[in-house]
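# Structure assessment
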Amino acid sequence: MIDYQKDLNPEQLAVVQNGDGFCLVLAGAGSGKTRAVTYRVAYLLEKGVRPENILLVTFTNKAADEMITRVQKLSGIVERLPWSGTFHHIANKILRQYAGVLGYQNNFTILDSDDSEQILKKLIKEFKTEDKFPSAKVVNNLISFSRNAGEELASVVMEKSPQWAQMIKTITTVADAYTREKKATNVMDFDDLLINFLFLLQNSSVQQKLATQFQYILVDEYQDTNRVQAAIINNLAVVHKNLLVVGDDAQSIYSFRAADIDNILKFEEAHPGAKVFKLEMNYRSGKDILDLANNVIANNLRQYKKALHPVSKIGNKPKLKAHSTKEAEAEAVAREIKKHLDAGVSPRQIAVLFRASHHSQPLELELMRADIPYEYRGGLRFFERAHIKDALAYLRLINNWADASAWTRVLLHEDGLGPVAVGKIVNLIQQMENIGELKNLGENLGEKARLGWSNFLRIWENLVSVPKKPGEMLVALSDSPYREYLLNEHVDSDERIEDLEQMSEFAKKYSTLEEFLAETALHESFSRDRVNPGVAAGVNKNDQIILSTIHQAKGLEWEAVFVINLSAGAFPSERSMGERDGLEEERRLFYVAITRAKKNLYLSYPEESGSWGGAMGGPSLFLDEVDAQLLDGSGTRTRLTILNDYSAGVTYESEDDDLPFKSTPRHSFLRGVDEL
């Protein structure tokens, strides 16, 4: 028998023993929610509930496996819960039984992202009437967001990619044709698994059978669910009405994936009489860190009020430091990291977090100089990113127009220029006596290749029209047709353009193009021959500290955490200020960053104006909001940042620097089959 009173704290015990009916478990950061869920499942099994009558839904297969392993150890039951896993895993399993109800065969194929894009590429070619059109990847992303968010495709295009507003009709036509083709060929993409599962539940006999089977339903990370997922769960709970959802509205940070915070904020409204439990006992962070976290999130109006309190007695007061430049910030962070390493702290217990991937570049250079190896999470290291390599290739051509590999890289982006045509162009260039002959080279190409070559020449002319200074040339590249290429081809084009802007700022430190290219080449060689992207070559993983975007850090913890670039215009991001619920989600993101730290938390920012592409300088408004007594350090906060967002109903009023901010309320995708 499990000794629940011994193994659980009173908050967790209440969830385990009283979790019948509609229940909302608000689990604060580090509060042991996984323990509560696994003990709840073990409790149900102990009470005689059959494993097949329990539905346990998680957001990753890893989380499901961990929970089931714990349940098996607790209960002594070897049998795995047959209905546990991700939403997509459960949907696939059920659709295999009932596909015929929807007009599919049970042996339907699941498309991965590449498969979907290949179909869309064919349909775009068939229906587009304009030369410039979003890539299959971009169209796929727009369709996917629309379906998961339950919003009209036209509205999503206007909100997410307004540059394609004139093509909404064609994009919609392509989307409709894509739906028809999938049905005709008995295939589903990942979004279809959820959408079709929800459609299936509209069949009353199927819904009744499934809802009767699942006597108890438990959903983890409920704050990350989208509208479709919430509707699926609600449809499955109509018979027994035993639905326990676990989540933390203060950690809802994935709206860009169509997660809807209203699923958790309006749970009681959707289920009158629902029980609400709060897990506020934190097993991760020290008191001073939690005091800061509580103070930060208190400024959000749309939330369930919670106050985390610590179990641990260990922990130091969070430190805030202002620096003159971003380079000075990077140097200071590297020095502090070195102190921790010298004191015996494991590199794997040190993490540097940042709002956006391009914020890491100065620190990456500094860590390289200091010989501190690191693992980059949330993408590739700065100089490994494709668009950064593209930009360097263009500059290499200006410096050395005989560079065949650089020519190959930049020309293969152009429509009509395949490997054969590019090889021909490179051979012709190597026979030229001077670079001025480039303009006439197109005469030797076919019609389609000439169009691609003409577009390249427009980029080239932009580059040679400015002084041979790396910073100015990178700005010229950002203002050239290469920018259009990024917008057309990539769903994260804004982030890629921000990367280029950051590199142009970095390049301004160099007086010559040769010096800049030599420095970046040395940085590239530092990471060459890497087996795993983002991981230092030739270095044991246990000897690397962690660099990560905050989004990638959710759910993790480290002894020492550095949150860098807490600058006005950078965090919160300028883009977020015009989005629905943008400011409050950014504050939640800051809260997530703070609550990753167990013992030591360091906050910092550069004072220089516009250092990250923003119009402002100095500290983030989130630092302006914080009670100064909760921070230790020399961070200067001499003015209050005023940022109104009238379209979203957010207004700030300041008569005194001590006046708290006020705001008014406003508003998962898989990559491969192996993630099912």
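Residue numbering note: each chain is counted from 1, following its sequence as written. Residue-level local features of this predicted model are given only where pLDDT is at least 70; pairs of side-chain atoms are given and counted only at 80 or more, and the full residue set underlies all totals for whole chains, interfaces and linings. The basis for every side-chain value is the complete set of heavy atoms in the structure, and neither hydrogens nor water enter the calculation.

## Things to note about the sheet that holds strand β3 (residues 84-86)
If DSSP finds at least two bridges between two strands, the strands pair. A run of H or I in DSSP counts as a helix once it spans at least four residues, and a run of E counts as a strand once it spans at least two, with each numbered from the N terminus. Reading across from one edge, β3-β2-β6-β7-β1-β8 is the order of the six strands in this open sheet, with parallel pairing throughout. Edge positions in the sheet fall to β3 and β8 (275-279), since each has one partner strand and no second. Looking at each pair of strands side by side, their axes are set apart by 15 degrees on average, direction ignored. As judged from the three bridges shared by strand β6 (residues 216-219) and strand β7 (residues 243-247), these two strands associate in the parallel manner. Angles here are taken between N-to-C directions and fall from 0 to 180 degrees, while the axes themselves are lines fitted to C-alpha atoms, restricted in helices to the stretch in contact.

## Thoughts on the pattern of salt bridges
A side chain with one charge can pair with a side chain of the opposite charge if their charged atoms come near. Salt bridge, as used here: a side-chain nitrogen of Lys or Arg that lies within 4 Å of a carboxyl oxygen of Asp or Glu. For the structure on display, the rule yields 34 salt bridges. One salt bridge connects arginine 227 with aspartate 260, and the closest N-O pair in it is separated by 3.1 Å. With a gap of 33 residues between them, arginine 227 in helix α12 (residues 227-236) and aspartate 260 in the loop between β7 and α13 (262-265) connect regions that are remote in the sequence. Burial classes follow relative accessibility: with a 1.4 Å probe on protein chains only, a residue under 20% of its type's maximum area counts as buried, one over 50% as exposed, and anything between as partly exposed. Its relative accessible area of 10% is what places aspartate 260 among the buried residues. A salt bridge links glutamate 366 to arginine 369; the nearest nitrogen and oxygen atoms lie 3.4 Å apart. Taken together, the positions of glutamate 366 and arginine 369, both in helix α17 (residues 361-369) and three residues apart, correspond to about one turn of that helix. Residues joined by salt bridges that share partners form a network here, namely Lys33, Asp220, Glu221, Asp224 and Lys554.

## Digging into helix α18 (residues 386-399)
Residues that lie three or four places apart on an α-helix share one face, since the helix turns once every 3.6 residues. A helix's residues, less one, multiplied by 1.5 Å, set its expected span. The terminal C-alpha atoms of α18, which comprises 14 residues, lie 20 Å apart, in line with the 20 Å expected from a rise of 1.5 Å per residue. In terms of burial, α18 is largely enclosed, as ten of its 14 residues are buried. Taken together, the buried positions of α18 are occupied by His387, Ile388, Asp390, Ala391, Leu392, Ala393, Tyr394, Leu395, Leu397 and Ile398.

## A few points about the nonpolar core
Residues belong to one nonpolar core when they are buried, are Ala, Val, Leu, Ile, Met, Phe, Trp, Tyr or Cys, and are joined through side-chain atoms within 4.5 Å. Ranked by internal contacts, the top residues of the largest apolar core, which has 48 residues, are Trp407, Leu411, Leu438, Trp453, Phe456, Met503 and Phe516. Examining the composition of this core, we find that eight residues originate from one element, α18, more than from any other. Setting aside its immediate chain neighbours within four residues, tryptophan 407 contacts Leu397, Trp401, Val426, Ile429, Leu438, Trp453, Phe456 and Trp460. If you look at the next biggest cluster of nonpolar residues, it comprises 47 residues, including Leu24, Leu26, Leu194 and Ile233. Whether two residues are in contact is decided by their heavy atoms, any of which lying within 4.5 Å being enough.

## A few points about the sheet that holds strand β16 (residues 597-606)
A sheet is described by the order of its strands in space; here seven strands give the open sequence β13-β14-β12-β15-β16-β11-β17, paired in parallel fashion. Each edge of the sheet is formed by a strand with only one pairing partner; in this case those strands are β13 (374-377) and β17 (632-633). In this structure, strand β15 (residues 558-563) lies alongside β16, joined through five bridges in parallel fashion. Across the sheet, alanine 560 pairs through a bridge with asparagine 600, a residue of β16. Across the sheet, α17 touches β12 (350-354), β13 and β14 (545-549), and the angle it forms with β14 is around 170 degrees.

## Comments concerning the packing of aromatic side chains
Two rings from Phe, Tyr or Trp (for Trp, the six-membered ring) form a pair when their centres are within 6.5 Å of each other. A pair whose planes differ by under 30 degrees is stacked, one over 60 is edge-to-face, and the rest are tilted. Scanning the model with the defined rule gives 19 aromatic pairs in all. Comment: the charge-over-ring label is applied if NZ (Lys) or CZ (Arg) is within 6 Å of the ring centre and within 35 degrees of the ring normal. Over the aromatic face of tryptophan 83 sits the side chain of lysine 93, whose NZ or CZ is 4.4 Å from the ring centroid.

## A word on the UniProt feature "binding site: ATP" (unreviewed entry) in the protein
Per the UniProt entry, the sites bearing "binding site: ATP" (unreviewed entry) are Ala27, Gly28, Ala29, Gly30, Ser31, Gly32, Lys33 and Thr34 in this numbering. With respect to the helices and strands, lysine 33 occurs in helix α3 (residues 33-46). Residue position: threonine 34 is located in helix α3. Threonine 34 sits in the partly exposed class, given a relative accessible area of 23%. The residues contacting threonine 34, other than those within four sequence positions of it, are Met67 and Arg70. UniProt positions are given in the numbering used here, feature names are shortened, and annotations may be inferred rather than shown by experiment.

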